[in-house]
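# Geometric and topological summary
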Amino acid sequence: MEMEVYSTPQKMKEDTAEYSFMLPCLQDTVPGEDPEVHGVAPGGDEPGGPDPRSSLPLPTPSQCDYSTVLRSSEISLVDPYGSVEMRSSGIYTPMHRADPGTPLTAGQSVPGKDKMYKMTLLLFTTLWIITLISLVATLHFCFQQSSTIKTEMEPQKMISDQQSAAVRMEMELRKMISELQMEVEDLDHFYSPRMMCTPNNSNPATIDQMSAMSKKHPIIIKSVWKWIQEAAVNVTLDPDTAHPKLVLSKDKKKVRLGPNRQVLRDTPERFNYVVCVLGKQGITSGRHYWEIEVKSKTDWTIGVALGNSSRHGKILFDPQEGFWTVRLKDGKYFAQAEDTGSLLLTETPRTVGVYVDYDGGQVSFYNVEARSQIYSFMGYTFTGKIYPLFRPGLSDNGKNTAPLIISPTKHTG
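These numbers come from a predicted model, not from an experiment.

### With respect to the overall build of the chain
Looking only at helices and strands, the chain features 6 helices and 15 strands. Looking at the chain as a whole, 31% of its 413 residues qualify as buried. For the chain, contacts bridging at least 24 residues in sequence account for 63% of all contacts bridging at least 6. Per element, the accessible surface of the chain, about 27,400 Å² overall, is 57% carbon and sulfur.

Here it is in C-alpha cells:
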C-alpha cells in the first residue's frame, strides 16, 4: 500500500487546512512542537522499514463539545439555506428572488407573495359581494313573481266563482221559464174561451181579472195581451217640449240626439237640461197603449210624466216628482223608483210597450216580442194630464246614435 509522503511540513499544513471543516476539533499544529517531519526522504519509505508517519507527533485531544458541533451542523428547518452554507439563519437569499444581492431579514414578507395575497383577497371579496347581490335580486324577483301570481289568481278565482254563479242562475231561470210557460199554456186553455165569449170584454169581473193579470204575471197570456193591445192609441212628439239638441222627424214619430244645440225659444214647456221630449197627446182617463222601438240603443228612458212636472234644470225621474219611467243604462234596466234596483230580464227587448190605466193608477212596461212584463207601477192616483215621455240618451261615444221610434202596434195576441 502506497502512502503519500509530504515533502515539506508546509504541504501537510495546507492539506490539513483544506479538510479542516471535516474535523473541527483537530488543531492545525501541536502546541510546543514544530510541524516538521523527520526521517522521511523524498521519494517514499524503504520496504519493510518503519512507517515514516509513526514518528509524527500525535495531536493533543481537544476538549470539544461535540453536541454543540452536531447541533450547529444540523439543517435548520426555518432557514435551510443558512444551515447548508454554514451561514447565519437570520440572513438568507431566496432562490426565486430576481435580485439575490438584496437580502431579507427574518420575519420580513416577500413583496410578490404579499401582492398575490391581496389580489386573492380582493377577488374573493368581489365574488362574495356579487353572490350576495345575486341572492338578494333572486329573492326580490321570486317575491314579485309570487305576488304577481297571487294577484293574477285572485281575479281568475273571482271570475270562476262568478261564472259558476251565473251558470247556476241560468239553470234556475231556465227551469222557472219552463214552469211559467207550462202555466201560461194552461191559463191560455182555461181562460181564453171564457173571456172571448164576453162581448167587448165589458164584464167588470173579467176586466178586473185581466187587469190583475196584466200587472202581476211575468208572461202575459194571449187573451190578456190582446186586451192590452186593444187600448192602442196614436202618439206623436211635441216639438215645443223638445230639448234644443234633439232632432225630430217630420212625421214626429222619431227622435234622436243631434250634434249641435239648436237656437230655440226657451219656454216653460221645453226641457232645457235633460234631453227629453213629451208626446203631443195628454191622458186624463181610460186605458192607453203604445209601442217604441229601442233596438240598437245603449241608453234610453221612456214612460209618462205629469203635465205640471219640472222641465228645467236637473230632473229626478221618480213618481214623487211626477215621472213613471223605465231606463236602460250600461246594459242594465232600471225602474226609476225609490224602492227598486236593476231589473232581471230574461230577454233583451227590441220593442217596449207602454200601458197606462189612468183610472186604475197603473203604468206597465212590456217586452213586446217576448210578451212579458218588464215592470209595473201600481196604486197611484193621477191628478191632471199625463204625457208620454221619451229620452233617447246621450251618444255613448257613437254607440247610441239610433233614434227612438214610435211604431205601429204589433197585434201579436
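### Focus on the pairing of strand β13 (residues 372-377)
Where burial is concerned, most of β13 is hidden: 6 out of the 6 residues are buried. Bridging between strand β12 (residues 362-367) and β13 involves 5 bridges; their strand directions are antiparallel. The residue of β13 that forms the bridge with Ser 364 is Ser 376. Where β12 folds back on β13, the antiparallel hairpin that results is connected by 4 residues, among which Arg 371 adopts a positive phi of roughly 55°.

### Some thoughts on the sheet that holds strand β3 (residues 246-248)
Taking strand neighbours across the sheet as the criterion, the 7 strands line up as β3-β4-β15-β6-β11-β12-β13 in an open arrangement whose pairing is antiparallel. Pairing within the sheet leaves two strands with one partner each, and these edge strands are β3 and β13. Between one strand and the next, the sheet's axes are offset by a mean angle of 20°, whatever the strand orientation. Here 3 bridges tie β3 to strand β4 (residues 254-257), and the two strands are oriented antiparallel to one another. Across the sheet, the residue bridging to Leu 246 is Leu 257, located in β4. Of the strands in this sheet, β6 (287-293), β11 (351-357) and β12 are in contact with helix α6 (residues 222-229), which crosses β6 at around 95°.

### Section: the sheet that holds strand β7 (residues 299-306)
Neighbouring strands of a sheet are bound in pairs by backbone hydrogen bonds; such pairs are parallel or else antiparallel. Strand order in the open sheet formed by 6 strands is β5-β14-β7-β8-β9-β10, and the pairing between neighbours is antiparallel. The outermost strands of the open sheet, each flanked by one partner alone, are β5 (277-278) and β10 (342-343).

### Topic: the pattern of salt bridges
Within the structure shown, the criterion is met by 3 salt bridges. One salt bridge in this structure joins Asp 238 and Lys 280, with 3.7 Å as the shortest N-O distance. Highlighted residues: Asp 238 in the loop between α6 and β3 and Lys 280 in the loop between β5 and β6, separated in sequence by 42 residues. Across the salt bridge formed by Arg 327 and Asp 299, the nearest N and O atoms sit 3.5 Å from each other. One end of the pair, Arg 327, is in strand β8 (residues 323-329); the other, Asp 299, is in strand β7, and 28 residues separate them in sequence.

### Some words on the confidence of the model for the chain
Here the chain averages 76 in pLDDT, and 63% of its residues register 70 or above. No element of the chain has a lower mean pLDDT than helix α3 (residues 80-84), which averages 48, and none a higher one than strand β14 (residues 386-391), which averages 98. Contacts for the low-pLDDT stretch residues 194-201, under 50 throughout, to residues beyond four places or in other chains number 15 contacts.

### Brief notes about the nonpolar core
Of all hydrophobic cores here, the largest spans 36 residues; its most connected members are Trp 290, Trp 300 and Phe 390. The greatest single-element share of this core, amounting to 4 residues, is contributed by β7. When near neighbours in sequence (up to four residues on either side) are disregarded, Trp 290 contacts Val 233, Val 235, Ile 283, Gly 303, Val 304, Val 352, Gly 353, Val 354, Val 356, Pro 388 and Phe 390. Counting residues in each nonpolar core, the second largest holds 12 residues, with Met 210, Ile 221, Trp 225 and Tyr 366 among its members.

### Remarks on the packing of aromatic side chains
Within the structure shown, the criterion is met by 11 aromatic pairs. Ring centres of Phe 317 and Phe 323 lie 5.3 Å apart, and the angle between their planes is 85°; on these two criteria the pair is classed as edge-to-face. Residue Phe 317 shares its accessibility class with Phe 323, and that shared class is buried. Seen from their ring centres, Trp 324 and Tyr 380 are 5.8 Å apart, and the 80° between their planes marks the pair as edge-to-face. In this pair, Trp 324 is assigned in strand β8 and Tyr 380 in the loop between β13 and β14, connecting sequence segments 56 residues apart. Take Trp 324: its relative accessible area is 4%, and that puts it in the buried class. In textbook terms, an aromatic cluster arises when at least three aromatic residues are bridged by ring pairs, as seen for Trp 324, Tyr 358, Phe 365, Tyr 375, Phe 377, Tyr 380 and Phe 382.

### Notes on unusual backbone geometry
Glycine aside, residues mostly have negative phi, and peptide bonds are mostly found in the trans state. Even without a glycine there, the phi angle at Arg 371 is positive, about 55°. With respect to the secondary-structure elements, Arg 371 resides in the loop between β12 and β13. Look at Asp 396: it is not a glycine, yet its phi comes out positive at around 55°. You can see Asp 396 is positioned in the loop between β14 and β15 (404-407).

### Focus: the side chain of Arg 311
You can see Arg 311 is positioned in the loop between β7 and β8. Among buried charged residues, Arg 311 stands out as having no salt bridge; its nearest opposite-charge side chain is Glu 269, 6.0 Å away. Of note is the side chain of Arg 311, whose polar atom sits 2.9 Å from the backbone oxygen of Glu 269. When near neighbours in sequence (up to four residues on either side) are disregarded, Arg 311 contacts Thr 241, Pro 268, Glu 269, Arg 270, Phe 271, Asn 272 and Leu 278.

### Side note on the environment of Ser 309
In this structure, Ser 309 sits in the loop between β7 and β8. Along the sequence, Ser 309 and Glu 321 sit 12 residues apart, while their C-alpha atoms lie 6.7 Å from each other. There is a polar contact of 2.8 Å between the side chain of Ser 309 and the backbone oxygen of Leu 306.

### Some thoughts on α6
When you tally the buried positions in α6, you get 6 out of 8 residues, the bulk of the element. Listed in full, the buried residues belonging to α6 are Ser 223, Val 224, Trp 225, Trp 227, Ile 228 and Gln 229.

Cut-off values and rules
- Residues numbered from 1 in each chain as written.
- Predicted model: local features only at pLDDT ≥ 70, side-chain atom pairs only at ≥ 80, totals over all residues.
- Heavy atoms only, no water.
- Helix = DSSP H or I, 4+ residues; strand = E, 2+ residues; numbered from the N terminus.
- Buried < 20%, exposed > 50% of the residue type's maximum accessible area, 1.4 Å probe, protein only.
- Contact = heavy atoms within 4.5 Å.
- Areas by Shrake-Rupley, 256 points an atom, 1.4 Å probe, with all protein chains shown as cover.
- Pairing = 2+ DSSP bridges.
- Axes fitted to C-alpha atoms, helices over the stretch in contact; angles between N-to-C directions.
- Salt bridge = Lys/Arg side-chain N within 4 Å of Asp/Glu carboxyl O.
- pLDDT = per-residue confidence, 0-100.
- Core = buried A, V, L, I, M, F, W, Y, C linked by side-chain atoms within 4.5 Å.
- Phe/Tyr/Trp six-rings, centres within 6.5 Å; stacked < 30°, edge-to-face > 60°.
- Lys, Arg positive; Asp, Glu negative; His and termini not counted.
- Polar contact = N/O pair within 3.5 Å; in protein donor to acceptor, adjacent residues only side chain to side chain.

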